[in-house]
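Structure assessment
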Amino acid sequence: ERLFDGVDRKVLFRDPSAGTESYLLRMAAGSWVPAHDHKIAEHCLMIEGDLIIDGLRLTAGDFQATPAGTPHPAIVSESGVLAFIVGEIL
């Protein structure tokens, strides 16, 4: 499923009762996701590549959690990324 130019996801599991879904996020080199809010917590496990979130660089094996109610700055990938994410249903 295409989210933005160069940004795709594959939903693996959706739990409507909890309002959550698990998915793989793939971003092409140089792609980005605009700033957004989180109503519930989001967990991200980096599989390959890189993500830059508010100056924090994540690479393969890194884990990042965004608490519920937290604004999420824009996300950029310099070399492309594959990540496993659990968060709210989009």
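Higher on the page you've got the structure.
Computed from a prediction, not measured in an experiment: that's the story for all the values here. (Residues numbered from 1 in each chain as written. Predicted model: local features only at pLDDT ≥ 70, side-chain atom pairs only at ≥ 80, totals over all residues. Heavy atoms only, no water.)

Looking now at the overall build of the chain. For the chain, the count of helices and strands is zero helices and 11 strands. Tracing the chain from N to C terminus, the helices and strands come up as β-β-β-β-β-β-β-β-β-β-β. Relative to its length of 90 residues, the chain is compact, with a C-alpha radius of gyration of 12 Å against a globular reference of 12 Å. Dimensions of the chain, computed from C-alpha atoms along their principal axes, come out at roughly 35 × 25 × 25 Å. Taking all 90 residues of the chain together, the buried fraction comes to 33%. Residue pairs in contact within the chain that sit at least 24 positions apart in sequence constitute 62% of those at least 6 positions apart. Put simply, the chain shows about 5000 Å² of open surface, and 59% of that area lies on carbon and sulfur atoms. (Helix = DSSP H or I, 4+ residues; strand = E, 2+ residues; numbered from the N terminus. Rg over C-alpha atoms; globule rule 2.2 N^0.38 Å. Buried < 20%, exposed > 50% of the residue type's maximum accessible area, 1.4 Å probe, protein only. Contact = heavy atoms within 4.5 Å. Areas by Shrake-Rupley, 256 points an atom, 1.4 Å probe, with all protein chains shown as cover.)

Right, let's talk about the pattern of salt bridges for a bit. Counting across every chain of the model gives eight salt bridges. In this structure, Arg2 and Asp8 form a salt bridge, with 2.7 Å as the shortest nitrogen-oxygen distance. For Asp8, a relative accessible area of 26% corresponds to the partly exposed category. The salt bridge involving Arg57 is made with Asp50; its shortest N-O contact spans 3.9 Å. With a relative accessible area of 1%, Asp50 lands in the buried category. If you follow the salt bridges from partner to partner, you end up with Glu1, Arg9, Arg14 and Glu21 in one network. (Salt bridge = Lys/Arg side-chain N within 4 Å of Asp/Glu carboxyl O.)

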